[in-house]
Structure formats: C-alpha cells, structure tokens
Amino acid sequence: MTKDDKLPLGISEKAWKDMSDEDRDKLTGISEFNLDFIVGDPMFRQGVTNKRFHFDVQDELKKFLAIKVIAEPHPLGMFSPLVATAWHCFILNTIQYEEFCQKYYGRTIHHVPGGGAGSDNSVWIAIYREWFGEFPMIWMLDIGGTEIPKYAYSLNTEGALTSRDLDSDDGQYAQPER
Amino acid sequence: MSRTVILFPPFAESALHGPHLAAPLLVSVLRENGFDCVSEDLNIKTIRRLLNPASLDIVLQQLDTVTEGAEREKYQACIRHLKDKGVRAFANAGTSSLRVAFAIFRKALFPTPETISECLDKTFLQTRPQYGLSIYDEFIQEIAGLDVQTIGMSVAFSEQLSEAIIISRLIRERFDHSVRLILGGGQVNLLSASQIAELAKAKLFNAISIGNGEQTISKLITVPMDAYNDGCHIVRSPSMSRQELEAIPSPAFADTTQYFAPLALPVLVTKGCYWGKCTFCDYPRLSNLGGLRFIPVTPQKAFTEIKHHREKYPDCHVNLISDAVPASWYRKLCALALQEDVQLNSWSYMMHEAGLEDGFFSLLSQAGVKAINFGTESTNDRILSVMCKQSDRKTVLDNLSVAARHNIAVVVNLIPDYPTSTFTDALILADDIRDRINCIESLNPHMFDLTEGSVASQTPERFNLNVENNAYQRSNHGFHTMRYQERNGLTTTQRNIVRRIFIDLKRKTAITRRLNGIQNGPVTKDTYVEVDGSALLVGRKNKRLWIVSLDTEIPLSPHRAKELQGFMDACSSPMGLSDMQRAFKHNAPQNDGGEDPWYALLSTGLIIHARHQHP
C-alpha cells in the first residue's frame, strides 16, 4: 500500500502498522465487502426515509463489525438507531450475512435484540476512537435524522450509552493466549 | 551569615493544600540542634504568583508563541476564563481544574527537559521564557535579604528537579560561590548513580545528600566552604533506627495561609513500606533503614501531632505519610483517637490485606479516617503475583467494597498495562473497576513506568523486558525512568486504547461521584447546587463544552451551545436544585427528545454540590 492510498475504513496509520497481517487482511476484506444490497427498499422498510443515510451508514456498520471480529471487546452494544437498522438489514439477508460471519469471524455474529446484560460500551468506544477517530454525527441521530440529545454527552463523558441492541456477548472474555 | 534556608521548588501539584513534609522536618531538626533555619515553599509561592491577573496576561501572550491552531485557542480560552471567573470560582469543584491550568502555565513559561543532561545544559536556561525566570529571581532576591549561608533544595517530585537546577543556577549567578548549596530529597534518592554523578559534576551544588536528610543536614551545614574546593560532596546518610525516627521533632510549618483550602498537614508515620516487595516499586531507595523494610513512629507520637494540628487548625485534614500504613498501627492510632474523642480527619496510603474486614473499617470510620488510597494496581491474580503484591483478587475487591460501606472514601491506584498483561487482561480490569464504580471515590490509573531500583529493572527478563542500559527519560515517576521494550507485550495501539479506557473510567468515577452526590443527597428547598466554575465553551466552528476540572470535552451543536451558555450565565452562583432545573428548562426549550435532557445534563458532571451556602 502506498502512502497516498487511503487505509481500509480510514483506520489510523499507527493502528494499521500495529496490526498483524491476518487482522489487516480481515479489515481490508470487511472494508471491501459490498453492502449495497441493504440500500433502498430494505432500509426504507425499516423506516430510514433519507436515502443519504443508506450509504453513509455502511462504513460505520463495517467499522462496528471489524471491531467485533478483530478486537472482540465485551460488551459490544449497538447504540446507534441508524447503524442498528443497517445491521438488521444485513442480517435479513441471511446468506450474505452468514458468509460474512464465517469468512471473517469463523462463526455467527449473533444479535440479541432489545438490549441485554451489559450497557457500558466504553471499551469498544475507545477502540473505535483509537482506530478510526471521533464518531461521526450519524451515530448520534435517530432514524429520522434528528440528533438524540443525550448521545453527544454520553459518548464523551460516560462512554456508557444504553445499547438499543446488543450482540451475542456472553459477558466472558476468552482465556488469553500466552 | 549563618542562616539556612530550605527551599521546596516548583512544581509539586500534590502540595497545593499544605506543605510537603520534608522541608519543615529539616527545619525542625536544624532548629533543635541550635541552627537558625527557615523554609520557603517556592512551589506554592510560584503558583500563587502565576494566578495573578498580570501573570495570566503574560501566559496568554506566551501561548501565542508556543502553541498554534486549536490548541492555542483552547488554552487561551481556559486562561481567559480563569482570569474572568477568579481562582475561587474556577476551582469551586476542587483544585483539579487548577492542575490543568498549571499544565498550561508550564507549557507557556516553564518547558521541562526530558533528561537530566538537558536540565544541566547551560543553553537550556537561555531558552526559558524570561517571565518565569524573573519570578524565581525575585524569590532569590528575597532570600538574599535573609542573610543566608546555606540553601538546601528539597526535591520530592520529578517535576521539581529541573526547576531546582534552574533556581540553583540563578542562585549561583547572584551569590557566586559564597553560599553553600545542598541538593537532596526523595527524588534525588531515586536517581541512578550515573545521574547523581552527572549532577555532582555540574559545579552547581556543594553537596548532594542521599538517604535520610534528617540525619545528615546538621553536619552538612557546618562543613567549611573550602572543603568543597575539590568538588561536590556526595553524602550518604547512615541507616536510621526506630529510636532515631521517634526522636525526630515535629515539623516546623511556615505560613499555612498560602495554601488552598482545605488545609492538609502531613504527619510522619513510617519510613519505608512494611511489605516492600512490589516488583514495580523503587521506594525502598527513598530511605536507608539498614536492611529493614520499614520503621514506624509510635502511634502515640503521631496522635500527639495530629491532636496538636487539629487544635491549632480545627478544619485541617491530616495526611498520614507512609508508603503504606500497617493495619495494626492504624488500629492503635484509632483506639487513641476514640479514647480522647479526637476525629483524625485523615488520608493515607494502604495495601490490600485479607484481614481488613468490617470491624477494621468500622473502627477507622468511627475515628474519623476520611480516605484511604489503596495501591490496588490490578485485580488479576496472575498479574498480582507478577507484581508480588500480598493480596489476591478476592481480597482486593472485598477491601474496596467494605471500606466504602463504612463511608471511607476509597482512592484506587491502577497499573493497567503491567508487563506480561494482555489486552484482554486490561479489559477485564476495566470491567472489574466499572462494576465497583460506586465504591470508588477517585481513580488513579498510571501506565507502567520502569524505574531504576525496582525489581523489574534489576531482573527485566522475568518481565519480558529488554532494557536500554543507562538510557533514562522523564516520566511522572521521575528522571530515573528507564527505556525498555516489552517482548510480546501490548502493541502501541492497544496501549493507547487501554489508556483511553482508563482515562474514561477515571472521568466516569468523578462524574458518578458528582451525580450520586446530587441524586442521593437529601434534596430539600435548602439543597444548593452550582455549575462547575471551570466549565467553558470552546471552539469557534465546532463548539464544545470543556469541563476543565474533569478534563472532558463534549461536542455541541450551535443551538445547544447557545442554550447551554444561557443556562451557565443564569446559574453563575449557587442556587436551589429546583431553581436550577427551571433555569435549564427556560434556556433549553428545544430539549424535548426521548431522553431526559436534565438528566443528560447532570450526567455530564457539569453540576456540583455547592460548597458554600447561598449568599
């Protein structure tokens, strides 16, 4: 990769350098994964009427899933209504979703609707910031595009946004490999 | 000319509320031996001077030179805000906001070198902005008026060493070599032999005192000046016995009115640490105890001192000075306090121990122990073992809960990236702390520094470390921090993520404390709250709320920034909780989303309990 090339999903150069080759391949693959099938009707049916969001949200969903696949923090709660909607649309395409999960994660990335045990997302928020920089505004909007008042505060002070939907975390970390 | 002056140089942010122990102890020892001696806390004097409006203007000007872009805009906004509000209002949530301001002062006027060699480089003095030097020069002129023969520099913290060297250079310019200049203090004890030799060669100091200064100071100030013709003397103290420690007179505090309220006075409890085995710790080098890990004063001696302080300064806090107060010693002190009905109002370090249960903390609480700072460091059994701590995970977590249950403010020190830690280990530690956030008053996460003299520096291979010999750099722990690489350790990105997580947890702990204080306290018509006086809006294009005391920034849309500014202007003095809530609703009529915007505001930590009743 030359200096002028943009790194996958805009990851910082430092974080990219620190990654193993295997993780770089995963991130590149996730970045290039075509999610265009969720644009249009699938998102409209979920209530996202502004088509601009259908495109903007794709990279954010990829970043979320990349963090899951590569860093595997717990809990990994989805707190953005817009990104959650994109995730739902992806899941509804069961064949593509299963292919994605098996290829990059080796098993299904489960989805538990309606929250769950943990709601503190400060760990993966820290990973996101270190890899990709600040969260863009799209994470703080409801599906109609209106800013959710508490989010900007919480993202910066609590890191403990209540998740709308949580993934399948069992709340346990795998034993570290030494 | 026979007077001795013991100087406590800038900058020691932990000595804002009261004097550090070392200089007043040396003064009392010298006076007891019949010498004329005073101490000067140049730390608090410099800080007070820098907080003058005229100094703040100079800091603002200097920031034009040393900063640019968004950083300049942010720092200048902070200093202007401090100037407009005044120190008292700016620090209404405690002195943490002032510490941020001091960091800006230092960047503007007191840039610090990274190594001792750079500190000693004569050209460094020429690069220093003139205003900072002129403050020091004024102090030196005052000292010159004291008819002084000996000046002792007591350097307790790393940030003081560069300033001690600069002040010493200025002293040499003013006094030439007619004054005896002695360097000592905890930070000097921790330096490597090569660093001490470097200081000795600099032709600044007549003597460098290593070990227990209380034992050597009286001899040092009587050495004839011509004895130094052959160069600087490096003087090591003999070992100190328990009897000698007990015989040290009470510290002679100078003017206590210059410190920030509440006044906190130090009381010596032990030299050394009763455990003394932690593999990261270099503190065994602080004192020469003849092979013993620690020696304590008797609880009776400490109690007599505390009683004296509490009588003289009824509202003062007491800092029990020890690397770790032994539990058995604490029990005896508390028994004395209860017997004589004296509230200790104390803070101290402690180690986690299996025996610290309800009865122990209940006793401490009854005797008025206010806060305990635990050297927790980790909650992982494997890492605690690598650290050679005496406790396991269960003990650590139990201690935190039980102490908090007895209304003792628990301060927790952590090292989340200790050598051999995996990324997952660090994340689990964060989980453990988050689960107990309601038990914790304050969190002090420190990323690992390898320091000369620690077990880890002596046997680095045990910790997967490759050490660069004699390669030192400055850290919060001092100039004796060693450069190293960790094999199979966290990557730089992982370490940055861990740092972010723990800074966030520290902030969250502080916010939780504020929130609980408002929500759980008795809310009546007499309950007063106020807006954190350090909070300000920064950024021209992208507005942010910066709560300086929490060092947190919150991005705001333009209309919310306007609303918030209106609210902050309307609530610039303490008021009732319900009045403030009304003021918020009046200024933020558009906040009608699904979440409770008032709660969202509270959860930023912007609102604190009023320290003072409504005027």
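Residues numbered from 1 in each chain as written. Chains lettered and ligands numbered in written order. Predicted model: local features only at pLDDT ≥ 70, side-chain atom pairs only at ≥ 80, totals over all residues. Heavy atoms only, no water.

## Some points on the overall build of chain A
In terms of helices and strands, chain A carries eight helices and three strands. Secondary structure elements in chain A, listed N-terminal to C-terminal, are α-α-α-α-β-α-α-β-α-α-β. Here chain A holds 178 residues, and 55% of them are scored as buried. Partitioning the intrachain contacts of chain A with sequence separation of at least 6 by distance along the chain shows that 68% fall at a separation of at least 24. Counting only carbon and sulfur atoms, one obtains 48% of the accessible surface of chain A, whose full area is about 8000 Å². (Helix = DSSP H or I, 4+ residues; strand = E, 2+ residues; numbered from the N terminus. Buried < 20%, exposed > 50% of the residue type's maximum accessible area, 1.4 Å probe, protein only. Contact = heavy atoms within 4.5 Å. Areas by Shrake-Rupley, 256 points an atom, 1.4 Å probe, with all protein chains shown as cover.)

## Considerations on the overall build of chain B
Broken down by element type, chain B carries 25 helices and 22 strands. In summary, chain B has a C-alpha radius of gyration of 25 Å against a globular reference of 25 Å for 615 residues, a match within 12%. Dimensions of chain B, computed from C-alpha atoms along their principal axes, come out at roughly 80 × 55 × 55 Å. Each of the 615 residues in chain B was classed as buried or not, and the buried ones make up 59%. By sequence separation, contacts in chain B at least 24 residues apart represent 76% of the contacts at least 6 residues apart. Of the roughly 24900 Å² of accessible surface on chain B, a fraction of 48% belongs to carbon and sulfur atoms. One way to put it: in chain B the 65 positive side-chain charges average out to a point 1 Å from where the 66 negative ones average out. (Rg over C-alpha atoms; globule rule 2.2 N^0.38 Å. Lys, Arg positive; Asp, Glu negative; His and termini not counted. Charge placed at Lys NZ, Arg CZ, Asp CG, Glu CD.)

## Section: the side chain of Asn345(B)
All names here are of chain B. Within the secondary structure, Asn-345 sits in the loop between α16 (327–339) and β11 (346–350). A residue is classified by how much of its surface remains accessible, and Asn-345, at 12% relative accessible area, is buried. At 3.0 Å, the side chain of Asn-345 forms a polar contact with the backbone oxygen of Cys-316. Leaving out residues up to four positions away in the same chain, Asn-345 has contacts with Arg-310, Asp-315, Cys-316, His-317, Val-318, Gly-368 and Lys-370. (Polar contact = N/O pair within 3.5 Å; in protein donor to acceptor, adjacent residues only side chain to side chain.)

## Some details on the confidence of the model for chain B
Across chain B, the average pLDDT comes to 92, with 97% of residues at or above 70. When pLDDT is averaged over each helix and strand of chain B, the minimum, 78, is found for helix α25 (residues 597–602) of chain B and the maximum, 98, for helix α17 (residues 358–366) of chain B. (pLDDT = per-residue confidence, 0-100.)

## Let's talk about the nonpolar core
One finds Trp131(A), Trp139(A), Phe105(B), Ile208(B), Tyr330(B) and Phe361(B) to be the most contacted residues of the largest nonpolar core, which totals 205 residues. The greatest single-element share of this core, amounting to nine residues, is contributed by helix α4 (residues 51–70) of chain A. Residues within four places of Phe105(B) in sequence aside, it is in contact with Leu50(B), Leu51(B), Leu56(B), Val59(B), Ile79(B), Leu82(B) and Phe110(B). (Core = buried A, V, L, I, M, F, W, Y, C linked by side-chain atoms within 4.5 Å.)

## Some remarks on the pairing of strand β14 (residues 442–445) of chain B
One ladder, built from four bridges, connects strand β13 (residues 409–414) of chain B with β14(B); its direction is parallel. Bridge assignment links Leu414(B) to a residue of β14(B), and that residue is Pro445(B). (Pairing = 2+ DSSP bridges.)

## A few points about the environment of Gly40(A)
Residue and element names in this part refer to chain A. Assignment of secondary structure puts Gly-40 in the loop between α2 (21–32) and α3 (41–45). Judged by relative accessible area, Gly-40 falls into the buried class, the value being 10%. Residues Gly-40 and Thr-94, 54 residues apart in the sequence, show an inter-C-alpha distance of 18 Å. Sequence-distant contacts of Gly-40, that is, excluding residues within four places in its chain, are made with Lys-51 and His-54.

## Details of the sheet that holds strand β21 (residues 575–576) of chain B
Residue and element names in this part refer to chain B. Spatially, β21-β17-β22 is the arrangement adopted by the three strands of the open sheet, whose pairing is antiparallel. Strands at the two margins of the open sheet, each flanked by one partner only, are β21 and β22 (607–609). Two strands pair when backbone bridges link them, and strand β17 (residues 528–531) and β21 are joined in this way by two bridges, in the antiparallel orientation. In the strand pairing of β21, Tyr-528 is matched with Gly-576.

## What to know about the sheet that holds strand β20 (residues 552–555) of chain B
Residues and elements named next belong to chain B. With antiparallel pairing, three strands are arranged side by side in an open sheet as β18-β19-β20. Edge positions in the open sheet fall to β18 (535–538) and β20, since each of these has one partner strand only. Along the sheet, successive strands turn relative to each other by an average axial angle of 25 degrees, direction set aside. Pairing of β18 with strand β19 (residues 544–547) involves four bridges; the strand directions are antiparallel. Paired with Leu-536 across the bridge in β19 is Trp-546. (Axes fitted to C-alpha atoms, helices over the stretch in contact; angles between N-to-C directions.)

## Thoughts on the packing of aromatic side chains
Across all of its chains, the model carries 32 aromatic pairs over all chains by this definition. Centre to centre, the rings of Phe90(A) and Phe100(A) are 5.3 Å apart; their planes meet at 75 degrees, and the pair counts as edge-to-face. Residue Phe90(A) is located in helix α5 (residues 81–92), and its partner Phe100(A) is located in helix α6 (residues 94–104); the two are separated by 10 residues in the primary sequence. Owing to a relative accessible area of 2%, Phe100(A) belongs among the buried residues under this scheme. Connected via pairs of aromatic rings, a cluster forms that spans Phe64(A), Phe79(A), Trp87(A), Trp124(A), Tyr128(A), Trp131(A), Phe132(A), Phe135(A) and Trp139(A). Stacked on the ring of Trp546(B), the Lys or Arg Lys74(B) has its end atom at 4.5 Å from the ring centre. Positioned above the aromatic ring of Trp275(B) is the side chain of Lys277(B), whose terminal nitrogen or guanidinium carbon lies 4.3 Å from the ring centre. (Phe/Tyr/Trp six-rings, centres within 6.5 Å; stacked < 30°, edge-to-face > 60°. Lys NZ or Arg CZ within 6 Å of the ring centre and 35° of its normal.)

## Digging into empty space enclosed by the protein
Over the atoms a probe the size of a water molecule is rolled, and this reveals where empty space is left. All names here are of chain B. According to the stated counting rule, one finds six cavities of 30 Å³ or more in the structure shown. Taken as a whole, the largest cavity holds about 90 Å³ of empty space. As for the largest cavity, its lining consists of Phe-8, Pro-19, His-20, Ala-23, Pro-24, Ser-39, Glu-40, Asp-41, Ala-254, Gln-258 and Tyr-259. When residues of the lining of the largest cavity are traced back to their parent elements, those giving at least two are α1 (22–32) and β2 (37–41). Per-element accounting of the lining of the largest cavity gives the leading share, three residues, to β2. By volume, the second largest cavity is sized at about 60 Å³. Taken together, Leu-25, Ile-248, Pro-249, Pro-251, Val-267, Leu-268, Val-297, Lys-301, Ala-302 and Glu-305 make up the lining of the second largest cavity. Of all the elements in the fold, those that place two or more residues in the lining of the second largest cavity are β7 (264–268) and α15 (299–312). (1 Å grid on protein atoms, 1.4 Å probe; cavity = no way out; pocket = protein on both sides within 12 Å on 5 of 7 lines; lining within 4 Å. Points joined across faces, edges and corners; volume = space filled by probe spheres on them.)

## Remarks on the confidence of the model for chain A
All names here are of chain A. For chain A, per-residue confidence averages 83 on the pLDDT scale, and 78% of positions sit at 70 or higher. Taken element by element, chain A is modelled with least confidence in strand β3 (residues 165–167), mean pLDDT 52, and with most confidence in α2, mean pLDDT 97. Below a pLDDT of 50 lies the segment residues 168–172, which in the model reaches nine contacts outside its immediate sequence neighbourhood of four places, other chains included. This stretch, residues 174–178, has a pLDDT under 50; its non-local contacts, to residues over four places away or in other chains, come to seven contacts.

## Here's the deal with the packing of helix α23 (residues 558–570) of chain B against helix α24 (residues 577–587) of chain B
Residue and element names in this part refer to chain B. Packing of α23 against α24 leaves a shortest axis separation of 8 Å and a crossing angle of 145 degrees. The chirality of how α23 crosses α24 is right-handed. Residues Glu-563, Gly-566, Phe-567 and Ala-570 of α23 touch α24, and the partners they reach there are Met-580, Ala-583, Phe-584 and Asn-587. Considered class by class, the residues forming the contact of α23 with α24 number five nonpolar, two polar and one charged. (Left-handed = near helix turned anticlockwise from the far one by under 90°. Nonpolar A, V, L, I, M, F, W, Y, C, P; charged D, E, K, R; others polar.)

## Describing unusual backbone geometry
Residue and element names in this part refer to chain B. A cis amide bond, omega 0 degrees, links Pro-10 with the succeeding residue Phe-11. Within the element layout of this structure, Phe-11 appears in the loop between β1 (3–8) and α1. Residue Ala-261 is joined to Pro-262 through a cis peptide bond whose omega torsion reads -5 degrees. Inspection of the secondary structure assignment puts Pro-262 in the loop between α14 (242–247) and β7. In the Ramachandran plot, Asn-488 falls in the positive-phi region, its phi being about 55 degrees despite a non-glycine side chain. On the accessibility criterion, Asn-488 (78% relative accessible area) is exposed.

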